[in-house]
Amino acid sequence: QVQLVESGGGLVQAGGSLRLSCAASGLTFSLYTMGWFRQAPGKEREFVTTINQSGGRTITADSVKGRFTISRDNAKNTVYLQMNSLKPEDTAVYYCAAARLVRRTVQAIEYEYWGQGTQVTVSS
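Just so it is clear, the model here is predicted, and its values are computed rather than measured.

Asker: Is there a simple way to explain the nonpolar core in this structure?
Answerer: Considering soluble globular proteins, one finds that nonpolar side chains tend to be buried as a cluster. Ranked by internal contacts, the top residues of the largest apolar core, which has 34 residues, are Met34, Trp36, Phe68, Val79, Leu81, Met83 and Tyr94. Those elements that provide at least two residues to this core are β3 (18–25), β4 (33–39), β5 (46–51), β7 (68–73), β8 (78–83), β9 (92–99) and β11 (118–123). With six residues, β9 is the single largest residue contributor to this core. Sequence-distant contacts of Tyr94, defined by excluding residues within four places in its chain, comprise Glu6, Leu20, Trp36, Phe37, Arg38, Val48, Phe68, Leu81, Met83, Gly117, Thr118 and Val120.

As structure tokens, this is what we get:
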């Protein structure tokens with residue numbers, strides 16, 4: 001079965017960096033658009049960033065643009081989220097997701113598979 005396993009979350013001070021990884025199995029990774037979403041306590045899940053199948057095109061939410069970068073390694077079936085200049089408002093559970101699409105998408109409903117999430121906590 002398909003599995004997406006996130007790792008790399010943790011506690012970091014404001015201004016610090018973290019790199020999240022999401023290892024995929026059970027699917028042909030290179031055929032999937034990949035995305036990162038996050039959900040803070042008491043809030044709805046929100047789009048963070050997405051990358052197309054080849055890794056050449058991305059879309060990033062304005063709230064993290066210039067600080068977060070998505071990338072992927074199709075040989076390793078892994079997508080990454082590099083997070084720099086972290087702020088307390090970035091505190092959330094971060095989820096990776098896979099969509100069997102050629103195009104990128106910011107819509108959570110279009111993603112078929114989801115990881116279990118990894119907690120990121122940014123202290124002030």
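Asker: Got a minute to help me understand the sheet that holds β7 in this structure?
Answerer: Pairing between sheet strands relies on hydrogen bonds along the backbone, with the strands arranged either parallel or antiparallel. What the four strands build is an open sheet, ordered β1-β3-β8-β7; its pairing is antiparallel. Two strands bound the open sheet, and with one partner strand each, they are β1 (3–7) and β7. Adjacent strand axes in the sheet meet at a mean angle of 15°, parallel and antiparallel pairs treated alike. Relative to β3, β1 runs antiparallel, the two sharing five bridges.

Asker: Can you walk me through the packing of aromatic side chains in this structure?
Answerer: Using the criterion set out here, one finds five aromatic pairs in the structure. With a centroid separation of 5.2 Å and 80° between ring planes, the pair formed by Phe37 and Tyr111 is classed as edge-to-face. Of this pair, Phe37 sits in strand β4 while Tyr111 sits in the loop between β9 and β10 (113–114), and the two are 74 residues apart along the sequence. With respect to class, Phe37 is no different from Tyr111; both count as buried.

Parameters at a glance
Residues numbered from 1 in each chain as written. Predicted model: local features only at pLDDT ≥ 70, side-chain atom pairs only at ≥ 80, totals over all residues. Heavy atoms only, no water. Core = buried A, V, L, I, M, F, W, Y, C linked by side-chain atoms within 4.5 Å. Buried < 20%, exposed > 50% of the residue type's maximum accessible area, 1.4 Å probe, protein only. Helix = DSSP H or I, 4+ residues; strand = E, 2+ residues; numbered from the N terminus. Contact = heavy atoms within 4.5 Å. Pairing = 2+ DSSP bridges. Axes fitted to C-alpha atoms, helices over the stretch in contact; angles between N-to-C directions. Phe/Tyr/Trp six-rings, centres within 6.5 Å; stacked < 30°, edge-to-face > 60°.

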